[in-house]
Amino acid sequence: DAGVTQSPTHLIKTRGQQVTLRCSPKSGHDTVSWYQQALGQGPQFIFQYYEEEERQRGNFPDRFSGHQFPNYSSELNVNALLLGDSALYLCASSEQAVSNQPQHFGDGTRLSIL
Amino acid sequence: QQPVQSPQAVILREGEDAVINCSSSKALYSVHWYRQKHGEAPVFLMILLKGGEQKGHDKISASFNEKKQQSSLYLTASQLSYSGTYFCGTCKAAGNKLTFGGGTRVLVKP
């Protein structure tokens, strides 16, 4: 039973570029959440997708957008990259409501902005 | 608002006990605990729903005091494998997002 898979593992971009990160949830999970984790800090919630719609959003600018596909996989898009966007981006999947369900995390995508 | 974890770091000898606290200024619906080892994804430990129940996972247990909006994670008879960074995550209401604290770094030495 495959867990949460994310691609790519590492990515290097320059300021102003855009990037797309991908996530496949654990089998049986229909909710995908994205987090940004800076070095030495806790994961910061970006947004959550359920039934192909953004259900909740954290304090991130509109440069951060996402999508969920009918097979529950998800993408995170970041436009006009800034140096401060350098971080580990984690995808987590769960069965519907995150508030009372465990989240299963992928290994993340390490994004470096030069 | 981000929950506050304490202490920020703790060093233990194998077999010793430790307590990690997670406090919120808002009323909570649930508290989640995760452990993240260096270079790896966070791994789920347990969820506590309001009601004050205590849960356990091997020799790791936790409690949730909803009146104080505080949760504590207890590491009992620590093992080398307990090393890592522990994060608490809080939800203010059913269906709400998870907000993580800054983490507590735990190092268990032989």
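Computed from a prediction, not measured in an experiment: that's the story for all the values here. In every chain, residue numbers begin from 1 and rise along the written sequence. Chains and ligands are labelled by the order in which they are written, letters from A for the one and numbers from 1 for the other. Restriction of local features to residues with pLDDT of at least 70 applies here, the model being predicted, together with a cutoff of 80 or more for giving and counting side-chain atom pairs; totals for whole chains, interfaces and linings are based on all residues. Side-chain metrics in this entry use all non-hydrogen atoms of the structure; hydrogen atoms and water are not considered.

*Asks:* Go over the overall build of chain B, please, and point to the residues and values.
*Replies:* Helix and strand definitions here come from DSSP, where helices need a minimum of 4 consecutive H or I residues and strands a minimum of 2 consecutive E residues; each element is numbered from the N-terminal end. If you tally the helices and strands in chain B, you get 0 helices and 11 strands. Element order for chain B, N to C, with α for helix and β for strand: β-β-β-β-β-β-β-β-β-β-β. Radius of gyration here uses only the C-alpha atoms, and the compact-globule reference equals 2.2 Å multiplied by the residue count raised to the power 0.38. Taking 2.2 N^0.38 as the reference for a compact globule, 110 residues should give roughly 13 Å; the C-alpha atoms of chain B span a radius of gyration of 13 Å, in line with that estimate. A principal-axis box enclosing the C-alpha atoms of chain B has dimensions of 40 × 25 × 20 Å. With 110 residues in all, chain B has 46% of them scored as buried. Note on contacts: a residue pair qualifies if any of its non-hydrogen atoms lie within 4.5 Å across the two residues. Intrachain contacts of chain B at a sequence separation of at least 6 include 55% that bridge at least 24 residues. For every accessible area listed, the method is Shrake-Rupley and the probe measures 1.4 Å; residues are considered covered only by the protein chains on display. As displayed, chain B has an accessible area near 5300 Å², and 49% of this comes from carbon and sulfur atoms. Charge counting follows a simple rule: Lys and Arg are positive, Asp and Glu are negative, and His as well as the terminal groups are ignored. Just so you know, the charge point we use is NZ for Lys, CZ for Arg, CG for Asp and CD for Glu. For chain B, the distance from the average site of its 13 positive side-chain charges to the average site of its 7 negative ones is 10 Å. Think of it in three bands: with a 1.4 Å probe and only protein chains considered, a residue is buried below 20% of the maximum accessible area for its type, exposed above 50%, and partly exposed in between.

*Asks:* Give a detailed account of the side chain of Gln 36 of chain A, specifying residues and quantitative values.
*Replies:* Residues and elements named next belong to chain A. With respect to the helices, strands and loops of the structure, Gln 36 is situated in strand 4 (residues 31-37). At 2.9 Å, the side chain of Gln 36 forms a polar contact with the side chain of Tyr 89. With sequence-adjacent residues up to four places away left out, Gln 36 is seen in contact with Gly 42, Pro 43, Gln 44, Ile 46, Phe 60, Phe 64, Gly 84, Asp 85, Ala 87, Leu 88 and Tyr 89. Counting of polar contacts relies on pairs of N or O atoms within 3.5 Å, with two restrictions inside protein: one atom must be capable of donating a hydrogen and the other of accepting it, and residues adjacent in sequence are counted only when both atoms are side-chain atoms.

*Asks:* An account of unusual backbone geometry is needed here, citing residue identities and associated values.
*Replies:* Each neighbour pair has its own omega, and for Ser 7 of chain A with Pro 8 of chain A the value is -10 degrees, a cis peptide bond. Note on placement: Pro 8 of chain A falls in the loop between strand 1 (5-7) and strand 2 (10-13). The step from Ser 6 of chain B to Pro 7 of chain B runs through a cis peptide bond, and the omega angle for that step is -5 degrees. A positive phi angle is found at Glu 51 of chain A, which is not glycine, with a value near 50 degrees. With respect to the helices, strands and loops of the structure, Glu 51 of chain A is situated in the loop between strand 5 (44-50) and strand 6 (53-57).

*Asks:* Please give an account of the interface of chain B and chain A that cites residues and values.
*Replies:* Residue-level contacts link 23 residues of chain B with 23 residues of chain A. Here chain B and chain A share an interface that buries about 1600 Å² over both sides, 55% of which is from carbon and sulfur atoms. It is Pro 42, Lys 97 and Phe 100 of chain B in chain B that bury the most area against chain A; as a group they hold 28% of the surface buried on that side. Here, a salt bridge means any side-chain nitrogen of Lys or Arg that lies within 4 Å of a carboxyl oxygen of Asp or Glu. The tally of links between chain B and chain A comes to 0 salt bridges. If you look at where chain B meets chain A, you find 4 residue pairs in polar contact (both at pLDDT 80 or more). Those elements that place two or more of their residues in the side of chain B that touches chain A are strand 4 (30-36), strand 5 (43-49) and strand 9 (84-91) of chain B. Buried area is calculated as the accessible area (1.4 Å probe) missing from two parts once they are joined, with the contributions of both summed.

*Asks:* Explain the state of the cysteines to me, using residue names and the numbers behind them.
*Replies:* Throughout, disulfides are identified as pairs of cysteine sulfur atoms within 2.5 Å of each other. In this structure the tally under the stated criterion is 2 disulfides over all chains. Note on cysteine connectivity: Cys 23 of chain A is disulfide-linked to Cys 91 of chain A, with sulfurs 1.8 Å apart. The disulfide joining Cys 23 of chain A to Cys 91 of chain A has a torsion of about -60 degrees about its S-S bond and is therefore left-handed. Taken together, the residues span a long stretch of sequence, with Cys 23 of chain A in strand 3 (residues 19-24) and Cys 91 of chain A in strand 9 (residues 87-94) at a distance of 68 residues. One exposure class covers both Cys 23 of chain A and Cys 91 of chain A, and it is buried. Here Cys 91 of chain B is not disulfide-linked; the sulfur of Cys 88 of chain B is the nearest cysteine sulfur, at 11 Å.

*Asks:* Quick one: what's the story with the environment of Tyr 34 of chain B, residue by residue and with numbers?
*Replies:* Looking at where Tyr 34 of chain B falls in the secondary structure, it is placed in strand 4. Put simply, Tyr 34 of chain B and Lys 109 of chain B are 75 residues apart on the chain and 21 Å apart in space, counted from C-alpha to C-alpha. What Tyr 34 of chain B contacts, discounting residues up to four positions off in sequence, is Pro 102, Gln 103 and Phe 105 of chain A together with Pro 42, Val 43, Phe 44, Leu 45, Thr 85, Tyr 86, Phe 87, Leu 98 and Phe 100 of chain B.

*Asks:* Quick one: what's the story with the pattern of salt bridges, residue by residue and with numbers?
*Replies:* A side chain of one charge can pair with a side chain of the opposite charge if their charged atoms are brought near each other. Residues and elements named next belong to chain A. The tally for this structure, following the rule as stated, stands at 3 salt bridges over all chains. A salt bridge links Arg 57 to Glu 54; the shortest N-O distance between them is 3.1 Å. You can call Glu 54 partly exposed: its relative accessible area is 36%. Across the pair Arg 63 and Asp 85 runs a salt bridge whose closest N-O atoms are separated by 2.9 Å. Residue Arg 63 is located in the loop between strand 6 and strand 7 (64-68), and its partner Asp 85 is located in the loop between strand 8 (74-78) and strand 9; the two are separated by 22 residues in the primary sequence.

*Asks:* Tell me what's going on with the packing of aromatic side chains, and back it up with residues and numbers.
*Replies:* Each aromatic ring pair is summarised here by two numbers: the centre-to-centre distance and the angle between the ring planes. Any pair of Phe, Tyr and Trp rings, taking the six-membered ring for Trp, is counted once the centres come within 6.5 Å. Such a pair is stacked with planes under 30 degrees apart, edge-to-face with planes over 60 apart, and tilted for the rest. Considering all chains together, one arrives at 10 aromatic pairs over all chains under this definition. Both rings, one in Tyr 35 of chain A and one in Phe 105 of chain A, keep their centres 5.6 Å apart while their planes meet at 45 degrees; by these two values the pair is tilted. Here the residue Tyr 35 of chain A occupies a position in strand 4, and Phe 105 of chain A occupies one in strand 10 (residues 104-105), the gap between them amounting to 70 residues. With respect to class, Tyr 35 of chain A is no different from Phe 105 of chain A; both count as buried. Taking 5.7 Å as the distance between ring centres and 70 degrees as the angle between the ring planes, the aromatic pair formed by Tyr 34 of chain B and Phe 100 of chain B counts as edge-to-face. Of this pair, Tyr 34 of chain B sits in strand 4 while Phe 100 of chain B is found in strand 10 (residues 99-100), placing the two residues 66 residues apart along the sequence. The pair Tyr 34 of chain B / Phe 100 of chain B is uniform in exposure class, with both members buried.

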